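Overview (structure and organization)
The lines below spell out each chain.
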Amino acid sequence: MASDAELPDVGQRARRRIARRLLPFLFVLYVVAFLDRVNVGYAGLEMSRDLGFSDRVFGLGAGIFFLGYCLFDIPGALIVERWSARKWIARILLTWGIITIFIGAVHTPKEFYAGRFLLGAAEAGFFPGIIVYLMHWFRQEDRARAAAMFMSAIPISNIIGSPFAGWLLGVHWYGLHGWRWLFVLEGIPAIVFGLITLGYLTDWPQQAKWLPRDEQEWITGELQRELEAKSARLSLTVWEALRRKEVLLLTLVYFLAVTNLYGFGIWFPTILQRATGLPNLAVTLIAALPYIGAFVVMLWISWHSDKTGERRWHTAAPLFICGAFLAIAIGFRSNIWAALAALIMAGAFSSAFIPSFWSLPTALLGGSAAAAAVGLINSVGNLGGFAGPYAMGYLNSRTHSSAAGLLFLLIALFLGGAAVLRMKAPRI
């Protein structure tokens, strides 16, 4: 793998210009997406009490998002590859923004389930579409860092969203509780950025008027050579790619890792409030701490992964470390502040696996085969977003303690880390 210093001047210029143009905008889009996906975790501090929802009802409603989400991921990723990322991503933003606003009007469990299911269906295709879109603009050697800049929106959205949610939960405007305003005000940016996306994004380098001709030719040539190298090693149809052993194994790994990511993320504010009795604003401020650490850890791991060209251990190690901190939290649960410190550290590592993980399928496959594989991994894997929150809610209701739910997440993490190490290291 060539170092950055060995690239020609045109390559250096192209990489910098593309990164400056695309990554900040994609970052903002994913902040908006993740806010709308996990705001239910903060709304749950008041919504469950206001509407009389049990932990089981709330956990099912939070997780049912991913049942709708899994239905359209593969078609969405293929649409980005074969049609237009710009138009598809804009459509997704507009639709989920509208549905998020309507979730602010629910009153019954059935309405809550329906709203979350439709929100998942509306957002389906966004994340795999962005992963495929990055393949149109960034070389394999740069992809983990590019993905990390985009995916750092996960911790940043929680850092931003936590205090904002804490403040909103305390308002009561025009006869509406603050948790309803949380959905309304966080749905509006998706609609605004959906309209902006149509004019800002460019589908392919050769269509980019903002990219000089020599830089267009350089990045296009680099990506074409990468695709040809993959084809020389392995030429697969879409259906062959979906049945490949490595793709199925990556799907399992992602399912197990996402089970923890959303099980922890959605329930952490509730666990924190019940353990400490702190008011909503204090809870949401403390709930931001894991994600400050996650931002730093994710960027460092992705940088080191690109520097070394190693992907499997950079995916597995954060899962093992997160699981170890959950074990400490369970072991020290009689000491609230020691357990809290361990949970904050677990949260710091919960999303750090993502950039190096998503470099694995794009290193193995190219073109429509890669798009379909990304769609499959994301759609089926994100069913962990249903399993994690629902299992936490179910176990909380049965045991009246968070320990059993955290143990469930710990097991998922260690199984996921072990599974990714069973893969052969891809050639980069």
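Coordinates for the structure precede this section.
Given the structure is predicted, the values throughout are model-derived calculations rather than measurements.

**Some remarks on empty space enclosed by the protein**
Counted under the stated rule, the structure contains three cavities of 30 Å³ or more. Of the volumes computed, that of the largest cavity is approximately 80 Å³. Lining the largest cavity are Phe-34, Val-38, Ile-154, Asn-158, Leu-261, Tyr-262, Phe-264, Gly-265, Ile-266, Tyr-291 and Ser-350. Looking at the lining of the largest cavity, the elements that each hand over two or more residues are helix 1 (9–51), helix 8 (153–168) and helix 12 (245–276). For the lining of the largest cavity, the element with the most residues is helix 12, which contributes five residues. Among the residues making up the lining of the largest cavity, the classes are represented as eight nonpolar, three polar and no charged.

**Re the nonpolar core**
Counting residues in each nonpolar core, the largest one holds 134 residues, and the members touching the most others are Trp-96, Phe-127 and Trp-358. Not counting residues within four places of it along the chain, the set of residues in contact with Phe-127 comprises Tyr-30, Tyr-69, Phe-150, Met-151, Tyr-254, Ile-354, Trp-358 and Asn-378.

**Regarding helix 7 (residues 140–151)**
The terminal C-alpha atoms of helix 7, which comprises twelve residues, lie 16 Å apart, in line with the 16 Å expected from a rise of 1.5 Å per residue. Taken across its twelve residues, helix 7 has nine buried, putting it largely inside the fold. Those residues of helix 7 that sit buried are Gln-140, Asp-142, Arg-143, Ala-144, Ala-146, Ala-147, Ala-148, Phe-150 and Met-151.

**Brief notes about the packing of aromatic side chains**
Applying the stated criterion across every chain yields a total of 31 aromatic pairs. Taken together, a centroid distance of 5.7 Å and an interplanar angle of 65 degrees make the contact between Trp-167 and Trp-173 edge-to-face. Between Phe-325 and Phe-349 the ring centres are 6.3 Å apart and the planes differ by 20 degrees, which places this aromatic pair in the stacked class. With Phe-325 in helix 15 (residues 312–331) and Phe-349 in helix 16 (residues 336–350), this residue pair connects regions lying 24 residues apart in the sequence. Judged by relative accessible area, which is 22%, Phe-325 ranks as partly exposed. Judged by its relative accessible area of 14%, Phe-349 falls in the buried class.

**Re the packing of helix 4 (residues 85–103) against helix 5 (residues 109–123)**
Axis angle and axis distance: for two packed helices, these are the angle between their axes and the distance between the axes, and together they describe the pair. The contact between helix 4 and helix 5 brings their axes to 8 Å, and the two run at 170 degrees. Taken as axis vectors, helix 4 and helix 5 run roughly antiparallel relative to one another. Mapping the contact onto sequence places Arg-91, Ile-92, Thr-95, Trp-96, Ile-99, Thr-100 and Ile-103 in helix 4 and Gly-115, Arg-116, Leu-118, Leu-119, Ala-122 and Glu-123 in helix 5. Broken down by class, the residue content of the contact of helix 4 with helix 5 amounts to seven nonpolar, three polar and three charged.

**A few points about helix 13 (residues 280–287)**
Buried within helix 13 are the following residues: Asn-280, Val-283, Thr-284, Ile-286 and Ala-287. Seen end-on, helix 13 carries its buried residues on one side only, within an arc spanning 160 degrees. Tucked into the core, helix 13 has its buried residues touching helix 1, helix 8, helix 12, helix 14 (289–308) and helix 16.

**Some points on a nonpolar patch on the surface**
Among the surface-exposed residues, Trp-167, Trp-173, Tyr-174, Leu-281 and Leu-285 lie close enough to one another that they form a single nonpolar patch of about 610 Å² accessible area. Its place among the elements puts Tyr-174 in the loop between strand 1 (172–173) and strand 2 (176–177). Judged by its relative accessible area of 80%, Tyr-174 falls in the exposed class.

**Points about the pattern of salt bridges**
Counting across every chain of the model gives 14 salt bridges. Among the ionic pairs, Glu-222 bridges to Arg-139, the shortest N-O distance being 3.9 Å. Taken together, the residues Glu-222 in helix 10 (residues 213–233) and Arg-139 in the loop between helix 6 (126–135) and helix 7 connect sequence positions 83 residues apart. A salt bridge links Glu-246 to Arg-244, with the nearest nitrogen and oxygen atoms 3.0 Å apart. Residues participating in the shared-partner salt-bridge network are Arg-15, Arg-139, Asp-142, Arg-145, Glu-222, Arg-225, Asp-306 and Arg-311.

Conventions adopted
Residues numbered from 1 in each chain as written. Predicted model: local features only at pLDDT ≥ 70, side-chain atom pairs only at ≥ 80, totals over all residues. Heavy atoms only, no water. 1 Å grid on protein atoms, 1.4 Å probe; cavity = no way out; pocket = protein on both sides within 12 Å on 5 of 7 lines; lining within 4 Å. Points joined across faces, edges and corners; volume = space filled by probe spheres on them. Helix = DSSP H or I, 4+ residues; strand = E, 2+ residues; numbered from the N terminus. Nonpolar A, V, L, I, M, F, W, Y, C, P; charged D, E, K, R; others polar. Core = buried A, V, L, I, M, F, W, Y, C linked by side-chain atoms within 4.5 Å. Buried < 20%, exposed > 50% of the residue type's maximum accessible area, 1.4 Å probe, protein only. Contact = heavy atoms within 4.5 Å. Expected span 1.5 Å × (residues − 1). Phe/Tyr/Trp six-rings, centres within 6.5 Å; stacked < 30°, edge-to-face > 60°. Axes fitted to C-alpha atoms, helices over the stretch in contact; angles between N-to-C directions. Parallel < 35°, antiparallel > 145°, perpendicular 65-115°, else oblique. Arc of directions from axis to C-beta. Patch = residues over 30% accessible without salt bridge, like charges linked within 9 Å, V, L, I, M, F, W, Y side chains within 5 Å. Areas by Shrake-Rupley, 256 points an atom, 1.4 Å probe, with all protein chains shown as cover. Salt bridge = Lys/Arg side-chain N within 4 Å of Asp/Glu carboxyl O.

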